[in-house]
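# Topology and contacts: notes
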There are 4 protein chains.
Amino acid sequence: MRDEWFIRGAVPMTKSEVRAVSISKLELKRDSVLYDIGAGTGSVSIEAAMQMPAGQVYAIERDREASDLVRQNREKFGTDNVTVICREAPGGFEGLPAATHAFLGGTGGHMEDIVSGLFKINPHMRIVANIIALESLARILELVKRRKIQAEVVSLQVARAWKAGESHLMKGQNPVYVISMGGEDGT
Amino acid sequence: MRDEWFIRGAVPMTKSEVRAVSISKLELKRDSVLYDIGAGTGSVSIEAAMQMPAGQVYAIERDREASDLVRQNREKFGTDNVTVICREAPGGFEGLPAATHAFLGGTGGHMEDIVSGLFKINPHMRIVANIIALESLARILELVKRRKIQAEVVSLQVARAWKAGESHLMKGQNPVYVISMGGEDGT
Amino acid sequence: MRDEWFIRGAVPMTKSEVRAVSISKLELKRDSVLYDIGAGTGSVSIEAAMQMPAGQVYAIERDREASDLVRQNREKFGTDNVTVICREAPGGFEGLPAATHAFLGGTGGHMEDIVSGLFKINPHMRIVANIIALESLARILELVKRRKIQAEVVSLQVARAWKAGESHLMKGQNPVYVISMGGEDGT
Amino acid sequence: MRDEWFIRGAVPMTKSEVRAVSISKLELKRDSVLYDIGAGTGSVSIEAAMQMPAGQVYAIERDREASDLVRQNREKFGTDNVTVICREAPGGFEGLPAATHAFLGGTGGHMEDIVSGLFKINPHMRIVANIIALESLARILELVKRRKIQAEVVSLQVARAWKAGESHLMKGQNPVYVISMGGEDGT
């Protein structure tokens, strides 16, 4: 889905190409239960919800403004299977149905707590994280090593053309690490 | 979908991340009709077919061995809505239902003819191409300019970690241009 | 040399890493004669001049403001072997000592004329070009093919960290093609 | 300098573009004293030596075969100001003239010890490291934070064309982090 289709405020947004790769790495099923943690504008929640008509998405976003944006986007796209939870992770998971999948888009400082909390809810959860800060990358690799789990680590560097007269000039976007771990086959 | 899930021979294959972005750019609907031109192993055909249960995919691949691979993968994934056409594009389009979408994965030399043929079948077709050769990039930009259409040009540079003992080392994949054009909103 | 060492106005500037690679590809000798065509701030002229104490650099820049910047930077770094020529290429080559090397940083529309002009002056000239626009890339590959010369084509995607609190966040720069051709060994 | 100019065995080698950027980040002077730690084939030693005719390079390489390669390359390029030290860092620094600059190309496990050893020899040393493993990146960022020094962190993703018939196809190289720290201005 194109970035400009979403209602956005000043809230940062996972870019189209990174979103497509991240959702692909989630390996959602028709009836999965996904926590979208640090949902931002909700672009991942909505694109994922569309791929699982019998599934449920919980968009967990502590910021009130951002969670309003998720609601507006849910309205716009008619994705009734998205529920907005304006709470902070990992505390905000309480009372929710156990997830089969989780996406971590925000890079708040609580990564270890969140991942630990998620694996406690479901040891076979499939977790995909977008990492921007090199220090967060270090922490997640440390966690992966300590827990003795396998993680797939991929970096994406996307550039997009803009037109200057008749010419296409490539504009570099920020590189993102996409980390995938867990899931039913234990990888 | 993971690359290793597909049955492959020596046939080159669109890599997981590039496939996810390309299918996302296609903007498929539940009931779209997709031509996958130069289908190779059929990975794009099959991943796309799964996203459109009421749609049809025509995997057009001139190479007999490769088209056998597509059949094997169709079997493996049970995607009955994929039809394998062992013919060369653009001639091979004859007799097929008109496509709403097309993916060009191979970089045979007939790009202009193929794109012209596609737009003749359906002037609102959504076409996404993966381009590796710089000369093909030049030709497609020339075509876009001549036809006065807009194209979105994105380049993807993916790197994937492999483990050497306890360390993750990033291995660079080949950069790919993903070109998207056409579609119902005329972009 | 660091970008912030140079006096800059609004004039675009070859970034440090791309400059280092481009000057390396030039394969300058102590006593080379370099045309820096579309010199901008003069950063390539000055960094190159420092590597060839017995050589000469001609910074050819049609824009008056930019050519003033080159003069200021020459002053700042004391590189007396840089001569500023406020003329347009290829006409501006007239009357200058024949170059052994040329750098094309700007992507004005005259690439073919300029390269042709350069090879007329010295068929063994070593030419390095920075290309941003995909259409310019197409034109230079066409030229290379027509002239039946070999060219080395390299693309650089650089990202640079900035600090947000204690974290390093990578910021993507624009990808650049560096094309190298010619030289004494005829490659 | 081109990679193919160097005599190489099976020893891994810093690629031309990364070498150019790394040497540029070292900010060598005519008379600098450089330790090239984990010198490999000696490509950095030799290219650096050529840029500082009044300087000294100590190529520190524990592997006997590799240090022989450095000697052969020194011979080939006539860079008499390169001294080969077949010892392991940081112990191997003993008895050498104090360095003003150091390059870390190898990613042995002793990074912290080596950097600590270097700053003990000269607190204003300019140190540039090439990092491939994400775990080494984590360790060097930890070190930078603990020592409260500034580091410039740059990532390079280079792709190089090869020719298939008349076409240029881009081949991705492995991404490398180039970390620069220290130096006379204390950055």
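This text goes with the structure placed above it.
Description of the structure in this document. (Residues numbered from 1 in each chain as written. Chains lettered and ligands numbered in written order. Predicted model: local features only at pLDDT ≥ 70, side-chain atom pairs only at ≥ 80, totals over all residues. Heavy atoms only, no water.)

Mapping chain D onto chain A leaves a residual RMSD of 0.0 Å; the transformation is a rotation of 180° accompanied by 0.0 Å of translation along its axis. Within this description, the copies of the chain are treated as partners about a two-fold rotation axis. If distances are taken from each C-alpha of chain D to the rotation axis, the shortest is found for A138 of chain D, at 2.5 Å. A shared interface surface links the copies, since 100% of the contact residues of chain D are contact residues in chain A too. (Least-squares fit on C-alpha atoms with pLDDT ≥ 70 in both. Contact = heavy atoms within 4.5 Å.)

Moving on: the interface of chain A and chain B. On the side of chain B, 33 residues touch chain A, which itself brings 33 residues to the contact. For the pairing of chain A and chain B, the buried interface totals around 2,500 Å² over both sides, and the portion due to carbon and sulfur atoms is 47%. Of all residues in chain A, the largest losses of buried area upon contact with chain B belong to R2, E27 and H168 of chain A, amounting jointly to 19% of the total for that side. One can count eight salt bridges joining chain A with chain B. As a salt-bridge pair, E17 of chain A and K25 of chain B come within 2.6 Å of each other at their nearest N and O atoms. For the pair chain A and chain B, the number of links is nine residue pairs in polar contact (both at pLDDT 80 or more). Contributing elements (two or more residues each) for the side of chain A that touches chain B: α1 (16–26), α5 (134–146), β6 (151–164) and β7 (167–172) of chain A. Ranked by residues supplied to the side of chain A that touches chain B, first place goes to β6 of chain A with twelve residues. Looking at the side of chain A that touches chain B residue by residue, the class counts come to 14 nonpolar, seven polar and twelve charged. Where β6 of chain A and strand β6 (residues 151–164) of chain B come together, seven bridges link them in antiparallel fashion. If you follow S155 of chain A over to β6 of chain B, its bridge partner there is A159 of chain B. (Buried area = accessible area lost by both parts, 1.4 Å probe. Salt bridge = Lys/Arg side-chain N within 4 Å of Asp/Glu carboxyl O. Polar contact = N/O pair within 3.5 Å; in protein donor to acceptor, adjacent residues only side chain to side chain. Helix = DSSP H or I, 4+ residues; strand = E, 2+ residues; numbered from the N terminus. Nonpolar A, V, L, I, M, F, W, Y, C, P; charged D, E, K, R; others polar. Pairing = 2+ DSSP bridges.)

With that settled, the discussion passes to the environment of V33 of chain D. With respect to the helices, strands and loops of the structure, V33 of chain D is situated in strand β1 (residues 33–37). Expressed as a C-alpha distance, the spacing of V33 of chain D and M13 of chain D, which sit 20 residues apart in the sequence, is 22 Å.

This paragraph deals with the interface of chain D and chain A. Between chain D and chain A, the contact holds eight residues from the first and eight residues from the second. Around 680 Å² of area is buried between chain D and chain A when both sides are counted, 68% of it from carbon and sulfur atoms. Three residues stand out in chain D for area buried against chain A, namely L134, L141 and Y177 of chain D, and they jointly supply 53% of the buried area on that side. Our enumeration of links across chain D and chain A arrives at one residue pair in polar contact (both at pLDDT 80 or more). Listing elements by their share of the side of chain D that touches chain A, those giving two or more residues are α5 (134–146) and β6 (151–164) of chain D. Of the residues in the side of chain D that touches chain A, the class split is six nonpolar, one polar and one charged.

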